[in-house]
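Observations on the model geometry
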Amino acid sequence: MDIALYGGSFDPPHIAHLEVIKQALENLKPDRLFVLVAYQNPFKTHPCFSPQQRLMWMRQLLKDLDKVQVSDFEILQNRPVPSIESVEHFYQKFQPNKLYFIIGADNVVGLERWEGYLQLQKLVELVVVHREGYALQLPQGFRAQSLFLPRIKRPISSTQIRICLKQHCISQDIPYALQPCAIRTFKENYAKPKNY
C-alpha cells in the first residue's frame, strides 16, 4: 500500500488546498491520502478558527473523494505536533510500501531544522508543491518530487483570506460551500480569546 500525508492548518481551507489534494491523487496515485488537520502549526501563532471547525470544513469539502481521509490525529494530541510524530504514527499503523509526505514550497526553507528531519528523510518520499508566487530554493542535497498546481494561476494563502475577512469582505479563494459559514464564524470568534 502507498499512502500520502498532506498536513496543514487549513485556517481557513482554500481552493489551492483542494487543488493540492486533486493533483496528489492524479500524479502520485496513492492508495490512500490522509489530510492531517493541525491542532496548531508548531511554527505559527494560534489559528484563527478552532481545530474542530477546520476539521469539520475539511471533512465536508472532501467527503466525496473515496481515497481521501481527513484525520484528527494531530487535533487529538491537543498540542502542536511535529511532522515526524505524525509520519511515525501513520508509518507504524499502515506499514506502507511508500509514504509520500506533501509540503508546500514555502516550507522547504528551514526544513533541515525540523524536529526529526533525518528520520523524516528515511521514512518518506518528500513531495514539494510548487506554489504561484513562492520562489523555490531547495537545500543542497535535498531530494523531492515536485507537484504543480496548473489550475492555480495566482498566489493564494490563508493569511490573505484572513486579512480579507478582517475587512468584512468575502474571498473567492474560500470554497463557495464554506463562504457563509467562514464569514459568520470569523465574526463570532474574531478577537475572542481562544480556549481549545
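Attention here is on the structure that accompanies the text. (Residues numbered from 1 in each chain as written. Predicted model: local features only at pLDDT ≥ 70, side-chain atom pairs only at ≥ 80, totals over all residues. Heavy atoms only, no water.)

A closer look at the side chain of Q179
Convention followed: Only DSSP runs of H or I with at least four residues qualify as helices, and only runs of E with at least two residues qualify as strands; both kinds are numbered from the N terminus onward. Relative accessibility decides the category of a residue: with a 1.4 Å probe and only protein chains considered, values under 20% of the type maximum give buried, values over 50% give exposed, and everything between is partly exposed. Polar contacts, as used here, are pairs of N or O atoms within 3.5 Å; protein pairs need one atom able to donate a hydrogen and one able to accept it. Residues neighboring in sequence count only if both atoms are side-chain atoms. Residues count as neighbours in contact if any of their non-hydrogen atoms are within 4.5 Å of one another.
Relative to the elements of secondary structure, Q179 occurs in helix α7 (residues 179-189). A relative accessible area of 8% places Q179 in the buried class. Only 3.0 Å separates the side chain of Q179 from the backbone oxygen of I174, close enough to count as a polar contact. Beyond its immediate sequence surroundings of up to four residues, Q179 is in contact with I170, S171, Q172 and I174.

Some thoughts on the packing of aromatic side chains
This is how it is decided: Stacked, edge-to-face and tilted labels apply to pairs of Phe, Tyr and Trp rings (six-membered ring for Trp) whose centres lie within 6.5 Å, assigned for plane angles under 30 degrees, over 60, and everything in between, in that order.
Enumeration over the complete set of coordinates arrives at eight aromatic pairs. A ring pair is formed by Y6 and F10, whose centres lie 5.6 Å apart and whose planes are at 75°; its orientation type is edge-to-face. In terms of burial, Y6 and F10 fall into one category: buried. Both rings, one in F90 and one in F94, keep their centres 6.2 Å apart while their planes meet at 10°; by these two values the pair is stacked. In this pair, F90 and F94 both sit in helix α4 (residues 83-94), four residues apart, roughly one turn of the helix.

Quick look at the pattern of salt bridges
So the rule is basically this: Should a side-chain nitrogen of Lys or Arg be within 4 Å of a carboxyl oxygen of Asp or Glu, the pair is scored as a salt bridge.
Considering all chains together, one arrives at seven salt bridges under this definition. The partner of E26 in a salt bridge is R151, with the nearest N and O atoms 3.7 Å apart. Residue E26 is located in helix α1 (residues 15-28), and its partner R151 is located in the loop between β6 (145-148) and α6 (158-166); the two are separated by 125 residues in the primary sequence. Given a relative accessible area of 43%, E26 falls into the partly exposed group. For R151, a relative accessible area of 51% puts it in the exposed group.

Observations regarding α6
To keep it simple, the criterion reads: Within this analysis, the arc is defined by the directions that extend from the helix axis to the C-beta atoms.
Three or more residues of α6 are buried, namely S158, I161, C164 and L165. Considered in projection along α6, the buried side chains sweep an arc of 115° and stay on one side of the axis. Buried-residue contacts for α6 involve α1 and α7. Looking one or two residues past α6, H168 carries a phi angle of roughly 60°, positive in sign.

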